[in-house]
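Now for the letters of each chain:
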Amino acid sequence: MLQTILVIEDDANLQTFISTLLTDNFYSVKVLADGVNAIKTIEKINPDLVLLDLNLPNIKGESVCSQIKKDYPALPVIILTAKSALSDKLNAFDLGADDYITKPFAAEELIARIKATLKQNKKIDKLKVADLEMNTESMEVKRNGKLINLTSQEYKLLECLILNKDKVLSRETLLNKIWQNSFDIETRVVDVYISYLRRKIDKNAKNKLIHSVRGFGYSLKAS
């Protein structure tokens, strides 16, 4: 069965190019010129992935991304935009985007990034380290029984650390795992998100779980 990709892009020439590219690579494609009917379309066609432009008419792409991730948290969203500022990228990831590609882009890279995003391993339902618990079905995270609200990227980063507990992971490894080999994202983004996680996971806890390894990266361990 063909995987379906919903493309939300208002540039007619780019619509045609992306549709042809995806069809040639054996994907089923649905195209929208704006994001107003995005949620209704998702309900109707149940896509496997969304390619989303940020510069859309009628409604901002950021708002569309936020709504998709609110209603369909497991649906992968790849941002495809001319916006290249680090602040735009960080904001998109905070809204739940799974990857971020800037225009102009190489056709081969777009296909590679789509394949990488779609390639998901079956997740373990419940993960636990000390008093930190993660339910990968409901996407709930609790510490000492208290619910912790995380953004999509914070959640993915924490999940990666838990799955590799007691191992030291380099910034490059975390960048490639969480940001799907986004070559235009710098490794310092990892440091930024680790600091976000620490404030939510460790700030008020006696036993710190997230540890820095000087000159290498980070590790999550119970002691």
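Visitor: Please explain the packing of helix α4 (residues 86-94) against helix α8 (residues 188-201) as it appears in this structure.
Guide: When two helices pack together, their arrangement is given by the angle between the helix axes and the distance between those axes. The interhelical angle for the contact between α4 and α8, taken along N-to-C directions, is 45°, at an axis separation of 12 Å. Considering their axes alone, α4 and α8 lie oblique with respect to each other. Handedness of the α4/α8 crossing: right-handed. Only Arg-188, Val-189, Tyr-193 and Tyr-196 of α8 make contact with α4, whose side of the interface consists of Leu-86, Leu-90, Phe-93 and Asp-94.

Visitor: So what exactly am I meant to see when it comes to the sheet that holds strand β10 (residues 169-170) here?
Guide: Within a beta sheet, neighbouring strands are joined by backbone hydrogen bonds and run either parallel or antiparallel to one another. Read across the sheet, three strands follow the order β10-β12-β11 without closing on themselves; strand pairing throughout is antiparallel. If you trace the sheet from one side to the other, it starts and ends with β10 and β11 (210-213), each paired once. In this structure, β11 lies alongside strand β12 (residues 217-220), joined through four bridges in antiparallel fashion. By the bridge assignment, Ser-212 is partnered in β12 with Tyr-218. Sheet strands touched by α8: β11 and β12. Its angle to β11, the strand with the most contacts, is close to 145°.

Visitor: Sorry if this is basic, but what is going on with the packing of aromatic side chains here?
Guide: The relative placement of two aromatic rings is captured by the distance of their centres and the angle of their planes. Evaluation of the coordinates by the stated rule reveals three aromatic pairs. Taken together, a centroid distance of 6.4 Å and an interplanar angle of 50° make the contact between Phe-93 and Tyr-100 tilted. Judged by relative accessible area, Tyr-100 falls into the buried class, the value being 0%. Each ring, one from Tyr-193 and one from Tyr-196, has its centre 5.2 Å from the other, and the planes form 75°; the classification is edge-to-face. In this pair, Tyr-193 and Tyr-196 are both assigned in helix α8, three residues apart and thus about one turn of the helix distant. Residue Tyr-193 is classed as buried on the basis of its relative accessible area of 0%.

Conventions we followed
- Residues numbered from 1 in each chain as written.
- Predicted model: local features only at pLDDT ≥ 70, side-chain atom pairs only at ≥ 80, totals over all residues.
- Heavy atoms only, no water.
- Axes fitted to C-alpha atoms, helices over the stretch in contact; angles between N-to-C directions.
- Helix = DSSP H or I, 4+ residues; strand = E, 2+ residues; numbered from the N terminus.
- Parallel < 35°, antiparallel > 145°, perpendicular 65-115°, else oblique.
- Left-handed = near helix turned anticlockwise from the far one by under 90°.
- Contact = heavy atoms within 4.5 Å.
- Pairing = 2+ DSSP bridges.
- Phe/Tyr/Trp six-rings, centres within 6.5 Å; stacked < 30°, edge-to-face > 60°.
- Buried < 20%, exposed > 50% of the residue type's maximum accessible area, 1.4 Å probe, protein only.

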